[in-house]
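# Analysis of the macromolecular model
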Amino acid sequence: MEYTTFTIKAVILLVALLLARQEVSATQSWVSSLYQPGVDSIEIVRSALDGRSQLSYDCHKVLSQLLANHTDPDVLQYFDSWGRVGSGRIVGHSRYPGNYDECMHVKSSLLPQLKTKYCTASLTIPGSTPLQLGVCSPQQCTPEDLSQLYNISVQDTTVSVTCQSQDYKLPPGSIVTLTVVGLVILIAVAATVCEGIFQILKSRSESSGNDDSSSFSSMKNEFPLKYILCFSLYTNTLKTLSTSQPPGAIGCLNGIRVFLMTWVILIHSFIFNFMFISDYPQLQTDLMSQPATRVLLSLFLPIDSFFHLGGLLVTYHQLKSLAKTKPKVSSFFKSLPTLYLQRYIRLTPAYAFMILIWTSLMWYAWDGPYWIIPNPVRTMADTCVDKWYLNLLYVNNLFNPWFSCVGWSWYLANDMQYFLIAPFIVYAFYKSPKIGTAVCSGTILISTMASIGVSHQQGYPFVGEISAIYTFKANPYGEVLPFYFAPWVRYQPYGVGILSGFAVWKLKDMKYKLPQKYNILLWCAATCLCVSVVYAPHAAFMGRHVISMAENDIYNGFARLAWTVGASCVVISCSLGQGGWINEFLSWRIFVPLGKLSYCVYLIHLPVIYILALGARTGTYYSTLMFTKDVIAAIAFSYLMAIPFSLLFEVPFTNLNKLLNSTKPAANKQVKDEHNNGENCNANQNHSEKERLLTKKNLK
């Protein structure tokens, strides 16, 4: 009995020891795996080389060499750079890009000929969210070879692999672009040096008591020096950063322009960061459920506000010019070609250089796991190669704008098209305010009807989020010319801007002050209209209200109109100096130079956002704080980069335009003086002939 009991205890003790040893062994294996880099990628390669795969010969050879030397620290760096599945899968984490820089800097003395490239493997797993893994691939392996690796390791999985191009040799187009940009920089440097020499000589002349300022001025006005000095960085910087404003300027518009540009950058940062690198889908849901996020998702409001400002400024300045010159109808029509040409020269050089740089040099500006080709951004650049002329003719918004060259430039095309008809409406206001009001109101009415009709025909949803519920089939992207881009749909804010510009010009000309009760009424109307446009769709946005076709058409037809009417109330009150502290803030002098940069900021802000977003090394678990940091960076870099861009490609050509226009009046005056001199000579000759005949008659 005692022997049996002893035997049972011994067996139990032996089993316990074996289990404990197995557990310790498993624990050691798990712990050791934490300190052994590249375990997953080594196993993937090993399983692909056991004879079951159909890799190409070169790829099989180099992978075999890597696997045979995987204990070497340099080779181990290759396997360690692969992306592997980590934490966060349950909450939607799907991107594991690995270490891009580690992959691209693999160097081994055992494999001196080894060259790597970065690839991304997209795995579609049944019953799970799609997965993206970074793959460090030898140059000899093709995407098909890499797909073989994962097809063997992971069963029942659809794998597609894309690799980044490693050909960093500049094509001829990029070399031409660098040459042109370098030439402009060279001219700007030469002009700055000339300007500096003139300033030094002038200061020495003044200090010595010799006032030769007139001679220096005449030298600067000589051909071709006066044209070269248009590129002077010194003069242009002073002009750009100056806070002075011309008489009669509407000061609050500078602050409004900066505020709207910041809003545009905020929206585009939100879209592209979450589209390309955000790896926390739950945060998107959390953010979109917050009422404050409605400002981010009101995509059309800042652009419509820019249309409104465009119509207002065109009307205000042209009415001031018409009041001075008082042209007849024939003179007005003769001035139109010059007016259009000046507008084209004002906008196009900077726009053309941006297209050139975007198409030829953008893809050599940065790198990273998300800087992958092909992608939607690269598609835009390829479109520029074939369709760039549509942009320079400002008709790119009419030809499949979803895939146009420099997609965000559709706004410039719409604005230019509106400018073509604006002078006629403004001249109607000048001749008869009643006729002008009727014509402008008629164009706004036509645009409103077009908005309702196009919205109904296309089924364009005013709430584009996936949580919204419709009684019809929403179709935001399927049309060749969608509701969002159509110029006849987006005209409403511009037309309201023309009416606002006339009202501001008339009231300022009369030096009129609104009674306090009417001023308060304006601000109340502005608040109610603007807040309603932003927050009226919130219940539908959250999926708590089913949207009917009638509701959708009404919002699409009247939301822009309501928003810009509210904005007009603010501008009218502030332009009359009755906006209180809001007007004082918007008229702050620091906004003057920032407002001058707005056009160039709009041109380059999306390339800046692309670099910041696609240049990321890892997917980001976005929080509100992280997003705020990225938005501030995008705003700061956009304005900083806009300064040299404006000094090189915008201001010099604006100076040239003004210089060429300033020579025309002088030429016209000279012709007029010659004509008058000719008339005076003829008159003197006639007078002398009369005197001769009279003297002859008296003598008889």
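Structure: see above.
So, here's what we can say about the structure. In this text the structure is predicted, and so the values were computed from the model without any measurement. (Residues numbered from 1 in each chain as written. Predicted model: local features only at pLDDT ≥ 70, side-chain atom pairs only at ≥ 80, totals over all residues. Heavy atoms only, no water.)

## Quick look at the overall build of the chain
Applicable threshold: Numbering of helices and strands starts at the N terminus; helices are DSSP runs of H or I of at least 4 residues and strands are runs of E of at least 2. Burial classification: accessible surface area is computed with a 1.4 Å probe over protein chains only, and a residue below 20% of its type maximum counts as buried, one above 50% as exposed, and the rest as partly exposed. Every residue pair with non-hydrogen atoms within 4.5 Å of one another is taken to be in contact. To measure how exposed things are, a 1.4 Å probe is used in the Shrake-Rupley method; for residues, cover is taken only from the protein chains shown.
Along the chain, the regular secondary structure elements total 27 helices and six strands. Out of the 700 residues in the chain, the part that is buried amounts to 45%. Considering only residue pairs separated by 6 or more positions, the chain has 79% of its internal contacts joining residues 24 or more positions apart. Accessible area for the chain stands at about 36,400 Å²; split by element, carbon and sulfur atoms hold 65% of it.

## A short note on the pairing of strand 2 (residues 116–124)
Going by this rule: Here, any two strands with at least 2 DSSP bridges between them count as paired.
Taken across its nine residues, strand 2 has seven buried, putting it largely inside the fold. In textbook terms, the turn of a hairpin is the stretch between consecutive antiparallel strands, and for strand 2 and strand 3 (residues 131–138) this stretch comprises six residues, one of which, G127, has a positive phi near 80 degrees. Here strand 2 runs beside strand 4 (residues 158–163); their pairing, made up of six bridges, is antiparallel. If you follow T124 over to strand 4, its bridge partner there is T158.

## Quick word on the side chain of S404
In plain terms, the rule: In protein, a polar contact requires one atom able to donate a hydrogen and another able to accept it; more generally it is a pair of N or O atoms within 3.5 Å, and residues adjacent in sequence count only if both atoms are side-chain atoms.
Locating S404 in the fold gives a position in the loop between helix 16 (376–392) and helix 17 (410–431). Classification of S404 by relative accessible area gives buried; the value is 4%. In terms of polar contacts, S404 uses its side chain to reach the backbone carbonyl oxygen of P401, at 3.2 Å.

## A closer look at the pattern of salt bridges
As a reminder, the rule being used: We define a salt bridge as a contact between a side-chain nitrogen of Lys or Arg and a carboxyl oxygen of Asp or Glu at a distance within 4 Å.
Summed over all chains, the structure comprises seven salt bridges. Between E43 and R46 there is a salt bridge, with the nearest N and O atoms lying 2.8 Å from each other. Linking E43 with R46, this pair stays in helix 2 (residues 39–48), spanning three residues, or about one helical turn. With its nearest N and O atoms 3.0 Å apart, the salt bridge here joins D304 to R560. Taken together, the residues D304 in helix 14 (residues 300–325) and R560 in helix 22 (residues 549–575) connect sequence positions 256 residues apart.

## A word on the state of the cysteines
Test applied: The disulfide definition used here is simple: a pair of cysteine sulfur atoms within 2.5 Å.
Taken as a whole and assessed by the stated rule, the structure comprises four disulfides. Disulfide pairing is shown between C59 and C141; the S-S distance is 2.0 Å. Between C59 and C141, the S-S dihedral sits near 90 degrees, and the bridge is therefore right-handed. With a gap of 82 residues between them, C59 in helix 3 (residues 57–68) and C141 in the loop between strand 3 and helix 6 (143–153) connect regions that are remote in the sequence. Look at C141 and you get buried, because its relative accessible area is 0%. Between the sulfur atoms of C384 and its disulfide mate C405 the distance is 1.9 Å. Every disulfide takes its handedness from the sign of the S-S torsion; for C384 and C405 that torsion is 90 degrees, giving right-handed. Within this pair, whereas C384 is found in helix 16, its partner C405 is found in the loop between helix 16 and helix 17, the two being separated by 21 residues in sequence. Taking the relative accessible area as the measure of exposure, C384 reaches 2% and is therefore buried. Taken N- to C-terminal, the disulfide-bonded cysteines of the chain are connected 1-5, 2-4, 3-6, 7-8.

## Thoughts on the packing of helix 15 (residues 329–360) against helix 17
The description of two helices packed together rests on the angle between their axes and the distance between the axes. Put simply, the test is: Angles shown run from 0 to 180 degrees and are taken between the N-to-C directions of axes, each axis being a line fitted to C-alpha atoms and, for helices, limited to the stretch in contact. Orientation labels follow simple angle bins: below 35 degrees gives roughly parallel, above 145 gives roughly antiparallel, 65 to 115 gives roughly perpendicular, and whatever is left gives oblique. For a crossing to be left-handed, the near helix must be turned anticlockwise from the far one by less than a right angle; the clockwise case is right-handed. In the scheme used here, Gly and all other residues not listed as nonpolar or charged are polar, with Ala, Val, Leu, Ile, Met, Phe, Trp, Tyr, Cys and Pro taken as nonpolar and Asp, Glu, Lys and Arg as charged.
The contact between helix 15 and helix 17 brings their axes to 11 Å, and the two run at 160 degrees. Here helix 15 is positioned roughly antiparallel relative to helix 17, judged by the angle of their axes. Where helix 15 crosses over helix 17, the handedness of that crossing is right-handed. Contacts between helix 15 and helix 17 involve V329, F332, F333, L336, L339, Y340, R343, Y344, L347 and Y351 from the former and L412, D415, M416, F419, L420, P423, F424 and Y427 from the latter. Classifying every residue of the contact of helix 15 with helix 17 by side-chain character gives 16 nonpolar, no polar and two charged.

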